[in-house]
Amino acid sequence: MTRTRRLVVAVAVAAAVACAGTGCTVIPVSGPYTVNDAGRGDPLSKPFQRMIATPPQRGWTARETLEGLQAAMAAYADDPTILPQYLTPEALADWTPSGAVTVVDDGLQFEHDGTEELQKVTVKAKQVARIDEDDTYVPLAGNWERPFELVEVQGGGYRVRSLPDGLVLTRSDVERAYRATKLYYLNGTQDRPVVDSVRLRLKPTETYAKIILERLLKGPSAALQGAATSSFPAGTKIESVKSGEEERVMIDLSGPLDRLDLGGEDALMMQIRYSLNNNDVAKGRSIWVMVDGEQYSVYQPSSEQRWLDNSGNNAYYVSKGAVHYMTSEGPGGTVPGPAGEQREGYSNFAMSKQNGLLVAAQTSTGISVAGLMSEAQWQEVIQGGVNDLTPPSWHRDGSLWTFDRKNGVALRYDPAGRRPPERIDAPGLKGLDVTRLRIARDGVRVVVTTGKNTVQIGALTVTGGLKLGNFRLLTATVVGDEIEDLAWRDDEHLLVLLKSKAGQILNEIDIGDGEITEIPLKDRLRSVVALNERVLAQAEAEKGKGSKILELNPDQSWTAKIDSDAETPLFPLG
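Report on the accompanying structure. (Residues numbered from 1 in each chain as written. Predicted model: local features only at pLDDT ≥ 70, side-chain atom pairs only at ≥ 80, totals over all residues. Heavy atoms only, no water.)

**Side note on the overall build of the protein**
This is how the line gets drawn: Helix and strand definitions here come from DSSP, where helices need a minimum of 4 consecutive H or I residues and strands a minimum of 2 consecutive E residues; each element is numbered from the N-terminal end. Think of it in three bands: with a 1.4 Å probe and only protein chains considered, a residue is buried below 20% of the maximum accessible area for its type, exposed above 50%, and partly exposed in between. The contact criterion used is simple: two residues touch if any of their non-hydrogen atoms lie within 4.5 Å.
Across its full length, the protein carries 5 helices and 40 strands. Based on the C-alpha atoms only, the size of the protein along its principal axes is roughly 90 × 60 × 50 Å. Buried positions account for 51% of the 574 residues belonging to the protein. Taking as baseline every contact in the protein between residues at least 6 positions apart, the subset at least 24 positions apart corresponds to 52%.

**So, the nonpolar core**
Most often, soluble globular proteins have nonpolar side chains that are buried together. Filter applied, for reference: Residues belong to one nonpolar core when they are buried, are Ala, Val, Leu, Ile, Met, Phe, Trp, Tyr or Cys, and are joined through side-chain atoms within 4.5 Å.
With 42 residues, the main nonpolar core has Leu66, Leu69 and Leu83 as its most contacted residues. Of all the secondary structure elements, the ones that give two or more residues to this core are α1 (62–75), β5 (101–104), β7 (118–131), β9 (143–152), β10 (158–160), β11 (168–170) and α3 (171–177). Top element by residues in this core is α1. It accounts for 8 residues. Beyond its immediate sequence surroundings of up to four residues, Leu69 is in contact with Leu83, Tyr86, Leu87, Phe148, Val160 and Leu163.

**Digging into α1**
Under the convention used in this document: One fewer than the residue count of a helix, multiplied by 1.5 Å, yields its expected span.
Over its 14 residues, α1 extends 20 Å from the first C-alpha to the last, a length consistent with the 20 Å expected when each residue adds 1.5 Å. Extensive coverage of α1 is indicated by the burial of 11 of its 14 residues. Taken as a whole, α1 has its buried residues at Ala62, Thr65, Leu66, Gly68, Leu69, Gln70, Ala71, Ala72, Met73, Ala74 and Ala75.

**Focus on the sheet that holds strand β19 (residues 322–325)**
The condition is simple: Strands pair, by our definition, only if DSSP identifies at least two bridges between them. As a rule, the C-alpha atoms of each element are fitted with a line to give its axis, helices using only the stretch in contact, and angles between N-to-C directions run from 0 to 180 degrees.
Pairing is antiparallel in the open sheet, where 3 strands are placed in the order β19-β18-β40. Each edge of the open sheet is held by one strand with a lone partner, namely β19 and β40 (567–570). For this sheet, the mean inter-axis angle between neighbouring strands, taken without regard to orientation, is 25°. Note: strand β18 (residues 316–319) against β19, 4 bridges, orientation antiparallel. The residue bridging Tyr317 from the neighbouring strand is His324, located in β19.

**Here's the deal with the packing of helix α4 (residues 208–217) against helix α5 (residues 262–277)**
Quick reminder of the rule: Oblique is the label for every angle not falling under 35 degrees (roughly parallel), over 145 degrees (roughly antiparallel), or within 65 to 115 degrees (roughly perpendicular). Left-handed describes a crossing whose near helix is turned anticlockwise from the far helix through less than a right angle; right-handed describes the clockwise counterpart. Polar here means any residue other than Ala, Val, Leu, Ile, Met, Phe, Trp, Tyr, Cys and Pro, which are nonpolar, and Asp, Glu, Lys and Arg, which are charged; Gly is therefore polar.
Between α4 and α5, the shortest axis-to-axis distance is 10 Å and the interhelical angle comes to 135°. Taken as axis vectors, α4 and α5 run oblique relative to one another. When the axes of α4 and α5 are compared, the crossing they make is right-handed. Residues Ala209, Ile212, Leu213 and Leu216 of α4 form the contact with α5, whose own contacting residues are Gln271, Ile272, Ser275 and Leu276. Broken down by class, the residue content of the contact of α4 with α5 amounts to 6 nonpolar, 2 polar and no charged.

**Comments concerning the side chain of Ser221**
Examined against the element boundaries, Ser221 turns out to sit in the loop between α4 and β14 (237–243). What makes Ser221 buried here is its relative accessible area of 1%. Leaving out residues up to four positions away in the same chain, Ser221 has contacts with Asp134, Thr136, Asp196, Val198 and Arg215.

**Let's talk about the pairing of strand β12 (residues 178–186)**
β12 sits mainly inside the fold: 7 of its 9 residues count as buried. Bridging between β12 and strand β13 (residues 193–201) involves 9 bridges; their strand directions are antiparallel. Bridging from a neighbouring strand, Tyr178 pairs with Arg201 of β13. Counted along the chain from β12 to the antiparallel partner β13, the turn is 6 residues long, and its residue Gln190 has a positive phi close to 60°.

**Section: empty space enclosed by the protein**
Counted only if it meets this: For each structure, a 1 Å grid was placed over the protein atoms alone; sets of points admitting a 1.4 Å probe that cannot get out are labelled cavities, open sets with protein on both sides within 12 Å along at least five of seven lines are labelled pockets, and lining residues have an atom within 4 Å of a point. Grid points are joined across faces, edges and corners, and a volume is the space filled by probe spheres set on the points.
Enumeration according to the criterion identifies 3 cavities of 30 Å³ or more in this entry. Roughly 130 Å³ of internal volume is contained in the largest cavity. Every residue lining the largest cavity is counted, 13 residues in all, and those nearest its centre are Leu66, Gln70, Val123, Trp144 and Phe148. Put simply, the parts of the chain that give the lining of the largest cavity at least two residues each are α1 and β9. The element contributing the most residues to the lining of the largest cavity is α1, with 5 residues.

**Topic: the sheet that holds strand β15 (residues 248–254)**
Taken together, the 4 strands give an open sheet; going across it, the order is β14-β15-β16-β17, and neighbouring strands pair in mixed fashion. Because the sheet does not close on itself, it has two edges, and the strands there are β14 and β17 (294–299). Averaged over all pairs of adjacent strands, the angle between their axes in this sheet comes to 20°, without regard to strand direction. With 6 bridges joining them, β15 and strand β16 (residues 286–291) adopt parallel strand pairing. Opposite Arg248, over in β16, you have Ser286 as the bridge partner. Across the sheet, α4 touches β14 and β15, and the angle it forms with β14 is around 155°. Strands β15, β16 and β17 of the sheet are contacted by α5, whose axis makes an angle of about 65° with β17.

**Notes on the environment of Gln354**
For Gln354, the location among the structural elements is in the loop between β20 (347–351) and β21 (358–362). Overall, the relative accessible area of 27% leaves Gln354 in the partly exposed class. In this structure the C-alpha to C-alpha distance between Gln354 and Gly546, which are 192 residues apart in sequence, comes to 29 Å.

**Section: α5**
Note the threshold: Any pair of N or O atoms that falls within 3.5 Å is considered a polar contact. Within protein, one atom must be able to donate a hydrogen and the other to accept it, and sequence-neighbouring residues count only if both atoms are side-chain atoms.
For α5, spanning 16 residues, the distance from its first C-alpha to its last is 22 Å, which sits close to the expected 22 Å at 1.5 Å a residue. A large share of α5 lies buried, amounting to 13 of its 16 residues. The opening residue of α5, the one whose side-chain oxygen lies 3.4 Å from the backbone nitrogen of Gly263, is Asp261.

If you want it as structure tokens, here you go:
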């Protein structure tokens, strides 16, 4: 006879315990357990562990039954036959595995109530994330709980009589069976890859390489819908992905690919090689692509980085209103033209891409632009008070952007068109207090800050007309903290400078999974700018010397590059 305890809290423990130093595994007779599966030694795969779930047992308590149910959820993609055995016929008829996957922390708690015949159990945990149906990993925080009712069955044991749709996995389940994966698509001007971060589930019957490429064919996730494109024509299929002789990767496609479209071939090979190599698959190997059994294209490993052009990597800074270039030692001369002349009333400088370099700056009446030529002049191209417009941001296509806070729209000015700025709708930002707007160097992603302490990531969508869309919350700081500056470091990471009660903080945030890495600070910073490995910051100098420019070292220490009278470090498209 089962004894029922009311409101008993217990923490779930692992089912398999490794034998220290022996490599063996002690597996409980009742299960569940994990086994090492495909991928070891295969250059096209990743090693992983597969959960082996067991059916409900007669002698199990209600809690053990729910633990078994959760293990069956973790194993469902590989073996969908076990989970239905935990449900009553009525529950099974109403349940579907489709929908987002809920990810909770490993410490599950169980609160029991009820009678021997009808057990009521509430399962509680900390929510970690959600994996959407398009494989987007959305970090979440907060408490999660779900009530269950279990009925005793004839012969002993319990069955769950209602189950909400979808699967619930633990953090360990996801770490074991999923891989953070980078997929590569094309920006609107077809000259730059756009990375799409997803979580893909490994399969015992397929290589990781094939899983990546099959997901690549499905197109971008919701974060990039309508913003990024693919060079794969509709109807393309992955027939096989194999390791060939001489360290070749052999990919056989089928579908309507045009062998005469050399531009399309180049873009398609870029998507394939970046999506494989940047996920540590087939690195250093040649990639042979066949279409319907005939050779389509071959990629040989090289150091060619044309697709990752950032439109210039020279650094600049401002001193007394004049723009200077930086040298490897630090201070440099002024740039040519009016931007290199000292003047007051200009702030929030921004540099366009290096070929055809233009400088933008904000004044009390709007945003002005000047070319780096002796005969150039400052020209006000966008009108608006300093509190009505966000600081300017350049797009890689040469256009200049700001957000009109007064009217709730973005403004885009094209220097080549010589027309008034174009109003760009941003329906997802309606009613929000947008304080900053920064366009990434890929020309697709956009970051905005709203209010004093919220960061949102979006994209420039082109479907149905150019818009700022696809916004989602990246992070909200602690109440009372304030964002002082932010900058794109690369296509996947942001730097966010915060003022908190504990002092100033500089965080690097992965826009894919929301992971935050704190960069140590010694001086108080005023602004920050970055370009891949290089990070520059404006910091307070010694008394009477204004401010200085610091550079972040690989060991996370800072070195002063310019000791005094230096403001606003700049990178093109920064």
